[in-house]
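Given next are the chains, with one letter for each unit.
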Amino acid sequence: MSHLMNTYGRLPVAFSHGEGSWLFDLAGKRYLDALSGIAVSTLGHNHPRLVKAISEQVSQVIHTSNLYGIPLQEALSDKLASLAGMDEVFFCNSGAEANEAAIKLARLYGHGLGIAEPAILVMEQSFHGRTLATLSATGNKKVQVGFEPLVGGFVRVPFDDLATLAATAEGRSDIVAVLVEPVQGEGGIRVAHQAYLQALRALCDERKWLLMFDEVQCGIGRTGDWFGHQSAGVRPDVMSLAKGLGSGVPIGACLAAGRATGTFKPGNHGSTFGGNPLACAAALTTLSVIEDEDLRSNALRVGDLIRARLVAALEGEEGVKDIRGVGLMIGIELDRPCGALVIQALEAGLLINVTADKVIRLLPPLNFSEEDALTLVEGVTALIRGFLAAQ
Ligand SMILES: *Cc1c(COP(=O)(O)O)cnc(C)c1O
């Protein structure tokens, strides 16, 4: 009997090592990685610059403490603040923790305004993590059931729908923030319209709410911009990051700007591991490699290629309802549940994922090549055709 807690339905495979876009299982079979450990392995596997930077950092010092100065953390906060046009950064170790920081920040901001029970507008189909506050903010009953009582102070509205949001908030004086993913990931790769994000910005300014973007999955170059909201030309007051930031070394971040700046004071929040020298070295190197290898352009170009080829190859397939996404966040929505495709893909040497029951999700590394892309499209289209024909 396994001594692991039974929290995951695991696929019957384990990997010994990786190289670029490929992972190798214990028997030596290779798999094209179109998932990147769920948008984590930004640079693919074993990128030489990342391996070198991490190894060198390990040989210097891994962890000190936030009781002391951490020069690499300062450097990483400078870099992230400049890429995002934001003021301050708090480091933690995961996406859920980054969102916990955002939620706490919003409540503290609300209390500062004299609001005793501040509320945050959150979206349907959203995903913000598995801690009690973040699962309460999440718009998916499956994540919440069994963990009631949920944390209060969240008001749910439909995603990408400003009119309903404004109507819901009408007459309420307890709202202090809006929390939204610019591209919903777990919810099925749903891209918010730019006009929606712009209108949210204007509404938040008018009402003095914090605009909080959860960029845990869509941030760090994946959409072709550093952050998924940047194509809309708006800046949030709070932004959470994690997944792709450390290329597999756990690190999360909560950034603040504008009216959110200066909300946390010493003693309000903290993390033992958050932003330790090893994690910061991994993140700084990830950002440098994205810049030096022009991986944002690659994400855009290869993402467009994958979508265009998928559209061409799957044209006329009645079971395919939509092919969507931006950059290397790609969703193929079928008209029926298709979780079974994941294991069929595995047998065919492809690592893909299905989310929201019916959406095949592709999140390849940002340095995925055109050759990898064509291999992926060929494999995925054959699987989808076979799957639909067999039903
Ligand atoms: C994965 C994810 C999270 C949670 O991140 P963890 O590191 O698993 O805690 C939060 N928000 C979004 C948008 C995510 O995709």
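From a predicted model like this one, the values you see are computed outputs, not experimental measurements.

### Topic: unusual backbone geometry
- Pro 149 follows Glu 148 through a cis peptide bond whose omega is 0°.
- Its place among the elements puts Pro 149 in the loop between helix H6 (141-144) and strand S6 (154-157).
- The phi dihedral of Ser 247 is positive, around 50°, even though this residue is not glycine.
- Tracing the sequence through the fold places Ser 247 in the loop between strand S11 (238-241) and strand S12 (252-256).
- Its relative accessible area of 11% is what places Ser 247 among the buried residues.
- Of note, the phi angle at Asp 357 is positive, near 70°, even though the residue is not glycine.

### So, the sheet that holds strand S7 (residues 175-180)
- With mixed pairing, the seven strands of this open sheet are ordered in space as S4-S12-S11-S10-S7-S5-S6. A strand with exactly one partner marks an edge of an open sheet, and here the two such strands are strand S4 (88-92) and S6. Strand after strand, the sheet turns through a mean of 20° between neighbouring axes, direction not considered.
- Where strand S5 (residues 119-123) lies against S7, three bridges are found, and the strand directions are parallel. Looking at the pairing, Ile 120 lines up with Ala 177 of S7.
- Where helix H4 (residues 95-112) meets the sheet, it contacts S4, S5, S6, S7, strand S10 (210-214), S11 and S12, and its direction lies at approximately 175° from that of S10.

### Some details on the site of the ligand
- Around the ligand, the neighbouring residues are Ser 94, Gly 95, Ala 96, Asn 99, Phe 127, His 128, Gly 129, Glu 181, Asp 214, Val 216, Gln 217 and Lys 243.
- Ala 96 is positioned such that a nitrogen or oxygen atom in its backbone is 2.8 Å from an oxygen atom of the ligand.
- Considered on its own, the ligand offers 380 Å² of accessible surface; in the complex 81% of this is hidden by protein.
- Class assignment for the residues of the shell around the ligand results in three nonpolar, six polar and three charged.

### A short note on the nonpolar core
- Counting 65 residues, the largest nonpolar core has Ile 306, Ile 332 and Leu 362 as its most contacted members.
- With residues up to four places along the chain from it excluded, the contact list for Ile 306 reads Leu 328, Ile 330, Leu 362, Pro 364, Phe 368, Ala 373, Leu 376 and Val 377.

### Considering helix H7 (residues 162-169)
- The backbone nitrogen of Ala 163 lies 3.3 Å from a side-chain oxygen of the residue at the head of H7, namely Asp 161.
- Looking one or two residues past H7, Gly 171 carries a phi angle of roughly 80°, positive in sign.

### What to know about the side chain of Thr 355
- Checked against the element boundaries, Thr 355 lands in strand S16 (residues 353-355).
- Since its relative accessible area comes to 6%, Thr 355 is described here as buried.

### Considerations on a nonpolar patch on the surface
- A surface patch of nonpolar side chains, amounting to about 270 Å² of accessible area, comprises Leu 132, Phe 147 and Leu 150.
- Mapped onto the elements, Leu 150 comes out in the loop between H6 and S6.

### A short note on the packing of aromatic side chains
- Under the defined criterion, the tally for this structure stands at two aromatic pairs.
- Arranged with centres 5.5 Å apart and planes meeting at 80°, the rings of Phe 15 and Tyr 31 form a pair that is edge-to-face. With Phe 15 in strand S1 (residues 15-19) and Tyr 31 in strand S3 (residues 30-33), this pair connects stretches of sequence that are 16 residues apart.
- By relative accessible area, Phe 15 is classed as partly exposed at 33%.
- On the basis of relative accessible area, Tyr 31 is assigned to the buried category, the value being 4%.
- A ring pair is formed by Phe 159 and Tyr 196, whose centres lie 6.3 Å apart and whose planes are at 65°; its orientation type is edge-to-face. With Phe 159 in the loop between S6 and H7 and Tyr 196 in helix H8 (residues 194-207), this pair connects stretches of sequence that are 37 residues apart. We note that Phe 159, like Tyr 196, is buried.
- One Lys or Arg, Arg 30, reaches over the ring of Trp 22 and ends 3.6 Å from the middle of that ring.

Parameters at a glance
Residues numbered from 1 in each chain as written. Predicted model: local features only at pLDDT ≥ 70, side-chain atom pairs only at ≥ 80, totals over all residues. Heavy atoms only, no water. Helix = DSSP H or I, 4+ residues; strand = E, 2+ residues; numbered from the N terminus. Buried < 20%, exposed > 50% of the residue type's maximum accessible area, 1.4 Å probe, protein only. Pairing = 2+ DSSP bridges. Axes fitted to C-alpha atoms, helices over the stretch in contact; angles between N-to-C directions. Contact = heavy atoms within 4.5 Å. Near = heavy atom within 4 Å. Polar contact = N/O pair within 3.5 Å; in protein donor to acceptor, adjacent residues only side chain to side chain. Areas by Shrake-Rupley, 256 points an atom, 1.4 Å probe, with all protein chains shown as cover. Nonpolar A, V, L, I, M, F, W, Y, C, P; charged D, E, K, R; others polar. Core = buried A, V, L, I, M, F, W, Y, C linked by side-chain atoms within 4.5 Å. Patch = residues over 30% accessible without salt bridge, like charges linked within 9 Å, V, L, I, M, F, W, Y side chains within 5 Å. Salt bridge = Lys/Arg side-chain N within 4 Å of Asp/Glu carboxyl O. Phe/Tyr/Trp six-rings, centres within 6.5 Å; stacked < 30°, edge-to-face > 60°. Lys NZ or Arg CZ within 6 Å of the ring centre and 35° of its normal.

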